[in-house]
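Structural overview
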Amino acid sequence: NQDPSGHVPALLAEVLDLLQLRSGDDAIDCTFGGGGYTQALLERVAPKGWVVAFDADPEEVTRGYALSWTASERDRLTLVHGTFADIERLAQSTGHESPRAIVADLGVSSFQLSTSNRGFSFAHGGALDMRFDPQSTGQTAADIIRDASIDELTRILRTYGEERHAHRIAEAIVRARRDAEITTAEALAVVISRAVPRSSRIHPATRTFQALRIAVNDELHVLERGIRAMRNCIAVGGRIAIVSFHSLEDRIVKRAFRSAAREGTGTLVTRRPMCPSRAEVLRNPRSRSAKLRVLERTASIQEKPK
């Protein structure tokens, strides 16, 4: 099930199997992207079930409405611009405040990676923006590269990118920006490549770009708030499925789900994260780092055992 952007949803079969959706159920896709999960959810809840899908990137929502298959599903599909930290408000505003399933794919979409004016990927270049919502007034990656001190850059790269060469890269960035402002993805990748020669198949700028994207979008705090909101929103007996792509995200999901289990408001459907099969990785190399965790809500938050 490949969406029109070329993005192949990771662990889709496992997500659908564990969500246990039935015809007539309501479901929420927190990260629409190219619509791969959304389309599969609609098929599972057909003919009368409803899917609400939202995305922090307004360009993804606009593209979503232009897809041929969404036009034929308008009576069962709502697309909304927003972040999953606002899931309670967004679900309520659409009249679907107690869904049976919630899914979130935390990966960057293929469309975002390939759009040259967004700066998410050094492979496609472009301005160093990296905001999921380019309409927001928040700082861009270029702002951080221009203004942050060596210590602050080191902290960002080490904390959000788990980059072992964080200090060396930070020093190289500060040296380079004295000569010329670093405003494009290509220019930043060149600075990093000169500071840290490639020693594996992974480009030496990969972790730096991940770290900057997380910092720009405050992704980890948004995820923490989002999981709390999902737990409040999901119907009792409903399930939350989250697919993460690096250890920082997976750690947050693991802790939040285990906390729900300890409180008596949730049951761990997956005690260990599910990972893609070797066959899936061969078909879709981007899925190789994906991890799926699923939680079932077993009691109301307000009625949790004392």
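See the structure shown above.
Anyway, here's the lowdown on the structure attached to this text. Not measured: the values here are computed from a predicted model.

Joining two cysteines, a disulfide is a covalent bond between their sulfur atoms. Per the stated rule, a full pass over the model turns up zero disulfides. Considering cysteine sulfurs only, Cys30 is the nearest to Cys233, which forms no disulfide, with 8.2 Å between them. Residue classification places Cys233 among the buried positions, given a relative accessible area of 3%.

This paragraph deals with the pairing of strand E5 (residues 239-244). Most of E5 is tucked away, with six of its six residues classed as buried. Neither face of E5 is exposed, since Arg239, Ala241 and Val243 on one face and Ile240, Ile242 and Ser244 on the opposite face are all buried. Of the strand pairs in this sheet, strand E4 (residues 101-105) and E5 are connected by five bridges, and their pairing is parallel. Note on E5: the bridge partner recorded for Asp105 is Val243. For E5 and strand E7 (residues 291-297), the ladder comprises six bridges, and the chain directions are antiparallel. In the strand pairing of E7, Ser244 is matched with Lys291.

Glancing now at the pattern of salt bridges. Under the defined criterion, the tally for this structure stands at 12 salt bridges. A salt bridge links Arg131 to Asp129; its shortest N-O distance comes to 2.8 Å. Here the two residues Arg131 and Asp129 agree in accessibility, since each one is buried. Here Arg155 and Glu152 are joined by a salt bridge, their closest N and O atoms 2.8 Å apart. Taken together, the residues Arg155 and Glu152, both in helix H8 (residues 150-161) and three residues apart, mark about one turn of the helix. Given the relative accessible area of 36%, Arg155 is considered partly exposed. Connected via shared salt-bridge partners are Asp143, Arg146 and Asp147.

What counts, and at which threshold
- Residues numbered from 1 in each chain as written.
- Predicted model: local features only at pLDDT ≥ 70, side-chain atom pairs only at ≥ 80, totals over all residues.
- Heavy atoms only, no water.
- Disulfide = S-S within 2.5 Å.
- Buried < 20%, exposed > 50% of the residue type's maximum accessible area, 1.4 Å probe, protein only.
- Helix = DSSP H or I, 4+ residues; strand = E, 2+ residues; numbered from the N terminus.
- Pairing = 2+ DSSP bridges.
- Salt bridge = Lys/Arg side-chain N within 4 Å of Asp/Glu carboxyl O.

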